[in-house]
Amino acid sequence: MPKNNKIIISDQALDLIALNEQIQTNQGESGASVIFVGNVRVSEEEQGLTGMTLEHYPGMTESLLQEILDQAMDRWGINQVVVAHRIGHLLPGEPIVFVGTCGLHRKESFEAAEFIMDYLKNRATFWKKEHYLVDGATKNLWVESKQSDLDSLERW
Amino acid sequence: MMQIKVVFFASFKEVLGVSEIQQALEEGACINDLCKCLSDRGEQWQDIFDTPSRTVKVACNQQMAEISTVLQNGDEVAFFPPVTGG
């Protein structure tokens, strides 16, 4: 079965409909597609958040993502993966990342998507800076990495 | 002498006020030697490079590297904080 994977890093809003279509139309023999979308959170914790800026290390990011995708496709027999990640300025609620996987059964597709997200969060060279408006003043904060994200690699 | 391209990302780029420099180093130098040179450039540089903590990540030619990695002329070395994508 032919295997496809695609990595998109873009400073334009992610077109979730087009990305989904891409996953659904190239499924081949797979019986299960899984899609994960991560958005800029809008919650109590992020009160005053007006947006965020994402930067990355061009070249290194793509090759790290390619390694992660290759591993996931081999391990779970996945025949198609699409990963799209935003850079540039994002507003609250906007999608940051899209991961779509197509495998023979749902278990493989779910696990491959989780594996890709866990490794992407811990390895891929992206950095987030959050922008807040607090009492009329703008505050910019680089997001710090979380131990819980690092711990999530242990199960793989 | 070797010429090394050194690039910085995220908070490091912001604190140092520069995204890329060229650094001359003796043949056979490793990333630790590069850190010593960078540390001499000023207070902000010293904070990051004097005794680089675990939160200082380093890549050589776009592959994750160690402080002991030996450099070659023309290498690209990147310093950055832990990644926070996704």
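A. Representation of the interface of chain A and chain B in the model. With 24 residues of chain A at the interface, the matching set in chain B holds 19 residues. Summing both partners gives a buried area of about 1700 Å² for chain A against chain B, and 56% of it is carried by carbon and sulfur. Counting the surface chain A buries against chain B, the share from its top three residues, A:Y57, A:M60 and A:W127, is 37%. Applying the counting criterion to the chain A and chain B interface returns two salt bridges. For the salt bridge of A:K129 with B:E14, the shortest nitrogen-to-oxygen distance reads 2.3 Å.

B. Inspection of the pattern of salt bridges at higher detail. Residues and elements named next belong to chain A. Overall, the coordinates contain seven salt bridges over all chains when judged by the stated rule. Measuring nitrogen to oxygen at the nearest pair gives 3.2 Å for the salt bridge that ties R155 to D118. With R155 in the segment after α4 (147-151) and D118 in helix α3 (residues 106-123), this residue pair connects regions lying 37 residues apart in the sequence. When its relative accessible area of 49% is taken as the criterion, R155 is described as partly exposed. The class of D118 is buried, set by a relative accessible area of 12%. Through salt bridges with shared partners, a single network forms among E114, D118 and R155.

C. Structural detail: the sheet that holds strand β2 (residues 32-39) of chain A. Residue and element names in this part refer to chain A. Reading across the sheet, the four strands line up as β1-β4-β6-β2 and stay open at both edges, with mixed pairing between neighbours. Two strands bound the open sheet, and with one partner strand each, they are β1 (4-10) and β2. Strand-to-strand twist in this sheet, taken as the mean axis angle between neighbours without regard to direction, amounts to 5 degrees. Sheet topology places β1 next to strand β4 (residues 80-86); seven bridges connect them, and they run parallel. In the sheet register, I8 faces β4, and the bridge partner there is A84. The strands touched by α3 are β2, β4 and β6 (95-103); relative to β6, the strand with the most contacts, the crossing angle is about 145 degrees.

D. Region of interest: helix α1 (residues 16-25) of chain A. Residues and elements named next belong to chain A. Of all the residues in α1, the buried ones are L19, Q22 and I23. Angular distribution of buried residues about the axis of α1 spans 95 degrees; they occupy a single face of the element. Those residues of α1 that are exposed and angled more than 90 degrees off the buried face are I17 and T25. Taken together, the buried residues of α1 touch β1, β2, β4 and β6.

E. Representation of the layout of surface pockets in the model. Here the largest pocket is characterised by a volume of approximately 1200 Å³. Around the largest pocket sit 41 residues that line it, and A:S145, A:K146, A:D149, B:V83 and B:T84 are the ones nearest its centre. Elements with a contribution of two residues or more to the lining of the largest pocket: β2, β3 (49-56), β6, α3, β7 (126-134) and α4 of chain A together with α1 (10-16) of chain B. Ranked by the residues each element gives to the lining of the largest pocket, the list is headed by α3(A), at five residues. Within the lining of the largest pocket, the residues separate by chemical class into 18 nonpolar, ten polar and 13 charged. Taken as a whole, the second largest pocket spans an internal volume of roughly 240 Å³.

F. Just the packing of aromatic side chains, in detail. Scanning the model with the defined rule gives 14 aromatic pairs over all chains in all. Through pairs of rings, three or more aromatic residues link up here, namely A:Y57, A:W127, B:F9 and B:F80. One residue, B:R41, lies across the ring of B:W45, its end atom 5.4 Å from the ring centre.

What counts, and at which threshold
Residues numbered from 1 in each chain as written. Chains lettered and ligands numbered in written order. Predicted model: local features only at pLDDT ≥ 70, side-chain atom pairs only at ≥ 80, totals over all residues. Heavy atoms only, no water. Contact = heavy atoms within 4.5 Å. Buried area = accessible area lost by both parts, 1.4 Å probe. Salt bridge = Lys/Arg side-chain N within 4 Å of Asp/Glu carboxyl O. Helix = DSSP H or I, 4+ residues; strand = E, 2+ residues; numbered from the N terminus. Buried < 20%, exposed > 50% of the residue type's maximum accessible area, 1.4 Å probe, protein only. Pairing = 2+ DSSP bridges. Axes fitted to C-alpha atoms, helices over the stretch in contact; angles between N-to-C directions. Arc of directions from axis to C-beta. 1 Å grid on protein atoms, 1.4 Å probe; cavity = no way out; pocket = protein on both sides within 12 Å on 5 of 7 lines; lining within 4 Å. Points joined across faces, edges and corners; volume = space filled by probe spheres on them. Nonpolar A, V, L, I, M, F, W, Y, C, P; charged D, E, K, R; others polar. Phe/Tyr/Trp six-rings, centres within 6.5 Å; stacked < 30°, edge-to-face > 60°. Lys NZ or Arg CZ within 6 Å of the ring centre and 35° of its normal.

Note that every value here comes from positions in space, so none of it alone points to a role or purpose.
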